[in-house]
Amino acid sequence: MAEASICFTKAIILNPSDYRSYYRKTKLFTGMKMFEQALEFCDEVIALKPKISKSYSNKATVLSRVKKVPQALAHYDKALKLDPNNLNVLYLKGCLLEDQKEFKAALSCIDDALELGFRSDGIFRLRERLTKKIIL
């Protein structure tokens, strides 16, 4: 992992305007559970590519890992504003809302993803679980 970090740092030095090296470093730090460092690189990605939804959804994922839920939800919303049909973001936001016991809002995200064609066993199980929680 340290070797990969060094490689990404070199790539950033060689081409500081290429967001991909920052993005990869974010993913590396997230995988290493070094979330504060990951967040710093998320900000660099957003600064370089503010019109790409993945910039915001990646930061939302890191924020959710450090329990900064309101900020995470805001970044998922920014991602969806840029790409309203992003199935993965809808799913991740729905999962985070479920964790917060916001079952109706979570179900709304999941239904939107299903309406757009997202199909997986996981999403069907999540929808079923949310529906039961709302009924109870």
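Residues numbered from 1 in each chain as written. Predicted model: local features only at pLDDT ≥ 70, side-chain atom pairs only at ≥ 80, totals over all residues. Heavy atoms only, no water.

Colleague: Could you give an account of the confidence of the model for the protein, naming the residues involved and the relevant values?
Modeller: On average, residues of the protein carry a pLDDT of 92, and 96% of them reach 70 or more. Per-element confidence in the protein ranges from a low mean pLDDT of 71 for helix 1 (residues 2-14) to a high of 98 for helix 5 (residues 69-82). (pLDDT = per-residue confidence, 0-100. Helix = DSSP H or I, 4+ residues; strand = E, 2+ residues; numbered from the N terminus.)

Colleague: Which residues make up the packing of aromatic side chains, and what values go with them?
Modeller: Enumeration according to the criterion identifies 3 aromatic pairs in this entry. When the centroid spacing of 6.2 Å and the interplanar angle of 40° are considered together, the rings of Tyr22 and Phe41 count as tilted. Of this pair, Tyr22 sits in helix 2 (residues 19-31) while Phe41 sits in helix 3 (residues 35-48), placing them 19 residues apart in sequence. The exposure class of Tyr22 is buried, given its relative accessible area of 8%. For Phe41, a relative accessible area of 16% translates into the label buried. Measuring from centroid to centroid gives 5.6 Å for Tyr91 and Phe118, while their planes differ by 55°, and the two rings are tilted. Of this pair, Tyr91 sits in helix 6 (residues 87-99) while Phe118 sits in the loop between helix 7 (103-115) and helix 8 (121-135); the two residues are 27 residues apart in sequence, bridging distant segments of the chain. (Phe/Tyr/Trp six-rings, centres within 6.5 Å; stacked < 30°, edge-to-face > 60°. Buried < 20%, exposed > 50% of the residue type's maximum accessible area, 1.4 Å probe, protein only.)

Colleague: Now, about the environment of Ile110: what can you tell me, with residues and values included?
Modeller: Relative to the assigned elements, Ile110 resides in helix 7. According to the relative accessible area criterion, Ile110 is buried, its value standing at 0%. For Ile110, the contacting residues outside a window of four places in its chain are Leu90, Tyr91, Gly94, Ile123, Leu126, Arg127 and Leu130. (Contact = heavy atoms within 4.5 Å.)

Colleague: Tell me about unusual backbone geometry, residues and numbers included.
Modeller: Leaving glycine aside, a negative phi is the common case for residues, and trans is the common case for peptide bonds. The phi dihedral of Lys33 is positive, around 60°, even though this residue is not glycine. Relative to the helices and strands, Lys33 resides in the loop between helix 2 and helix 3. The class of Lys33 is exposed, set by a relative accessible area of 58%. In this structure, Lys67 is a non-glycine residue whose phi angle is positive, near 65°. In this structure, Lys67 sits in the loop between helix 4 (53-65) and helix 5.

Colleague: Report on the nonpolar core, specifying residues and quantitative values.
Modeller: Core analysis: the biggest nonpolar cluster contains 36 residues, and Val62, Leu96, Ile110, Ile123 and Leu130 have the highest contact counts within it. Elements that contribute at least two residues to this core include exactly helix 2, helix 3, helix 4, helix 5, helix 6, helix 7 and helix 8. (Core = buried A, V, L, I, M, F, W, Y, C linked by side-chain atoms within 4.5 Å.)

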